[in-house]
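Each chain is listed here by its residues.
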Amino acid sequence: MSEALLVQEAGAAPVAAPASGARQFWRRLRAQRAATAAAAVVLLLFLAAIAAPLLAALAGQDPDTYHPDLVDSAAGGVPIGSFGGIGADHWFGVEPQTGRDLFARVVYGARVSLGVAVVATVLQVTIGVTVGLAAALGSRKADQVLSRITDINVALPLMVIALGLLAIVPSSFPRPVLIALVIGGINWAGTSKIVRAQALALKSLDFVSAARLAGRGRWSVARRELLPSLAAPVITYAALLFPVNITVEAALSFLGVGIKPPTPSWGQMLTEADTWYQSAPTYLLLPAGLLFVTVLALTVLGEGIRTALDPRAASRLRVGTGRGRREERAKEPTT
C-alpha cells in the first residue's frame, strides 16, 4: 500500500465532525462483520505473541533446542515424517537441518514481528503529530522549513535508507529495537502531512478562535482543542500503517539485514525457507501464511476503524454486498 493511498484513506475523516463517544464507535465497529472477524484474528495473534513462552512450554518445546534426530542428514536435513515432521510432540513440524520446533519458533517470531510493528507505528505517530502540529501552529517560516523537511522525508526511499543504516550499525545493538527505530524514524511524513492539513483546517473554526481569545498558548490550544479532533484521522492512519510496518520488517529480514538468527521472526524464517519450498513446503507456508493473514486482518480492521470513526464515508467492505445494493436502491428516486 503506497504512502499516498494511506494519506488519502486517513484523510477521508472530516475535521469538523464532533468526536463520537466510545460506545457509539464500538457499536459501529461491531456492525461490520468483516471488521469484527478481523479484530478477533488480530486479538488472537497478539495473545499468542504475548503468551509465546507459555504456549511453547505447553507444547513441551522451545525455539532454540536442536533435534538432529528428527531430520534426515543423508537427504540434506529434510524433516523425517509427513508434512515436515508434524506430530504430537511437534505441532507444526520441525525446521529443516536443525530440527528446531516450528510451533515454538512461530509464536516467538510473532512477538518480534508484531512488537517491531507496534514500536515503529507509535514512533511514526509521535514524530508525525509533533512535526505536523509545529508546522500548523508555528510561524510562516517554521511551516515552510518543516514542510520542506517533510517533503524530503516523503521522497526518501524507505527500503534503501533502511538497508544502508542496518548494514552499518554494529551487530551488538538489539536488532528488533534497531529495526523499529529505523522504520519509525524514516516513515513519519505521512502522519505529519495529515496532522498539518487537519490542524490548519481546525484553526479557522470558532472553538479554536475562542480558545485563543481566552489567552491560551499555542501548545495549550493544541493539547486541549486540536488533539481530540485529530484523534480520528491519526488513529485511522495508524491502523492502516501498522500492516505496512509488518511487511517492511519481513522484507528487511528476508533481504538479510533484519532480524538475525537465532532470534526467530516471520521474515527471517522466510529467508531460510526459500530453498526448502519443494522438500519441506510447510517451513515456507507457515510464516508466509501467517504474514498474509496478519496483514489482511489488520488492513480490514483499519478500514473498519476508518468507517466507524467516520460513518458518513462509504465503506468498501460493503461494496457488492446485498446490504449495499439494497441501500443504493433505497436512495434511487421512485417513478
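Given the structure is predicted, the values throughout are model-derived calculations rather than measurements.

### Quick look at the packing of helix 9 (residues 189-203) against helix 11 (residues 218-254)
Reasoning step 1: Viewed as axis vectors pointing N to C, helix 9 and helix 11 meet at an angle of 145°, and their least axial separation amounts to 10 Å. Judged by the twist between their axes, the crossing of helix 9 over helix 11 is right-handed. When helix 9 is examined against helix 11, the residues Gly190, Thr191, Ile194, Val195, Gln198, Ala199 and Leu202 are found in contact with a partner set consisting of Leu226, Ser229, Leu230, Pro233, Val234 and Tyr237.
Reasoning step 2: Its residues assigned to classes, the contact of helix 9 with helix 11 shows 9 nonpolar, 4 polar and no charged.

### Description of the confidence of the model for the protein
Reasoning step 1: Here the protein shows a mean pLDDT of 80. Residues at 70 or above account for 84%.
Reasoning step 2: Within the protein, helix 1 (residues 3-10) has the poorest average pLDDT of any element, 50, and helix 3 (residues 33-50) the best, 92.
Reasoning step 3: Between residues 12-20, whose pLDDT stays under 50, and residues either more than four places distant or in other chains, the model counts 12 contacts.

### Some thoughts on helix 11
Reasoning step 1: A rise of 1.5 Å per residue sets the reference length of helix 11, with its 37 residues, at 54 Å; its end C-alpha atoms lie only 45 Å apart and thus fall more than 12% short of the reference.
Reasoning step 2: A maximum bend of about 50° is found in helix 11 at Leu227, where proline Pro228 lies one to four positions downstream.

### Considering the packing of helix 7 (residues 158-168) against helix 11
Reasoning step 1: Running from N to C, helix 7 and helix 11 point in directions that differ by 50°, and their axes come no closer than 11 Å. In this view, helix 7 runs oblique relative to helix 11, as classed from their interaxial angle. Remark: the crossing between helix 7 and helix 11 carries right-handed chirality. For the pair formed by helix 7 and helix 11, the contact residues are Leu158, Met159, Ala162, Leu163 and Leu166 on the first element and Val248, Ala251 and Leu252 on the second.

### With respect to a nonpolar patch on the surface
Reasoning step 1: Judged by side-chain polarity, Val41, Phe292, Val293 and Leu296 come together as a nonpolar surface patch covering roughly 340 Å² of accessible area.
Reasoning step 2: Among the elements that line the nonpolar patch, the one with the most residues is helix 13 (residues 281-309), at 3 residues.

### Details of the nonpolar core
Reasoning step 1: One finds Ile246, Trp266 and Tyr283 to be the most contacted residues of the largest nonpolar core, which totals 32 residues.
Reasoning step 2: Elements with a contribution of two residues or more to this core: helix 2 (22-30), helix 3, helix 5 (102-137), helix 11, helix 12 (266-273) and helix 13.
Reasoning step 3: For this core, the leading source of residues is helix 13, giving 9 residues.
Reasoning step 4: Contact partners of Ile246, with chain neighbours within four places excluded, come to Ser113, Leu114, Ala117, Leu291, Thr294, Val295 and Leu298.
Reasoning step 5: Ala120, Ala162, Val248 and Leu252 belong to the second-largest nonpolar core, a separate cluster that totals 17 residues.

### Comments concerning helix 3
Reasoning step 1: Over its 18 residues, helix 3 extends 26 Å from the first C-alpha to the last, a length consistent with the 26 Å expected when each residue adds 1.5 Å.
Reasoning step 2: Among the residues making up helix 3, those that are buried are Ala35, Ala38, Val42, Leu45 and Ala49. The buried residues of helix 3 occupy an angular sector of 85° when projected down its axis, which confines them to one face. Residues of helix 3 that are exposed and point over 90 degrees away from its buried face: Arg33, Leu43, Leu44 and Ile50.
Reasoning step 3: Buried-residue contacts for helix 3 involve helix 2, helix 4 (52-58), helix 5, helix 12 and helix 13.

About the criteria used
Residues numbered from 1 in each chain as written. Predicted model: local features only at pLDDT ≥ 70, side-chain atom pairs only at ≥ 80, totals over all residues. Heavy atoms only, no water. Axes fitted to C-alpha atoms, helices over the stretch in contact; angles between N-to-C directions. Helix = DSSP H or I, 4+ residues; strand = E, 2+ residues; numbered from the N terminus. Left-handed = near helix turned anticlockwise from the far one by under 90°. Contact = heavy atoms within 4.5 Å. Nonpolar A, V, L, I, M, F, W, Y, C, P; charged D, E, K, R; others polar. pLDDT = per-residue confidence, 0-100. Expected span 1.5 Å × (residues − 1). Bend = angle between axes of the 7 residues up to and from the residue. Parallel < 35°, antiparallel > 145°, perpendicular 65-115°, else oblique. Patch = residues over 30% accessible without salt bridge, like charges linked within 9 Å, V, L, I, M, F, W, Y side chains within 5 Å. Areas by Shrake-Rupley, 256 points an atom, 1.4 Å probe, with all protein chains shown as cover. Salt bridge = Lys/Arg side-chain N within 4 Å of Asp/Glu carboxyl O. Core = buried A, V, L, I, M, F, W, Y, C linked by side-chain atoms within 4.5 Å. Buried < 20%, exposed > 50% of the residue type's maximum accessible area, 1.4 Å probe, protein only. Arc of directions from axis to C-beta.

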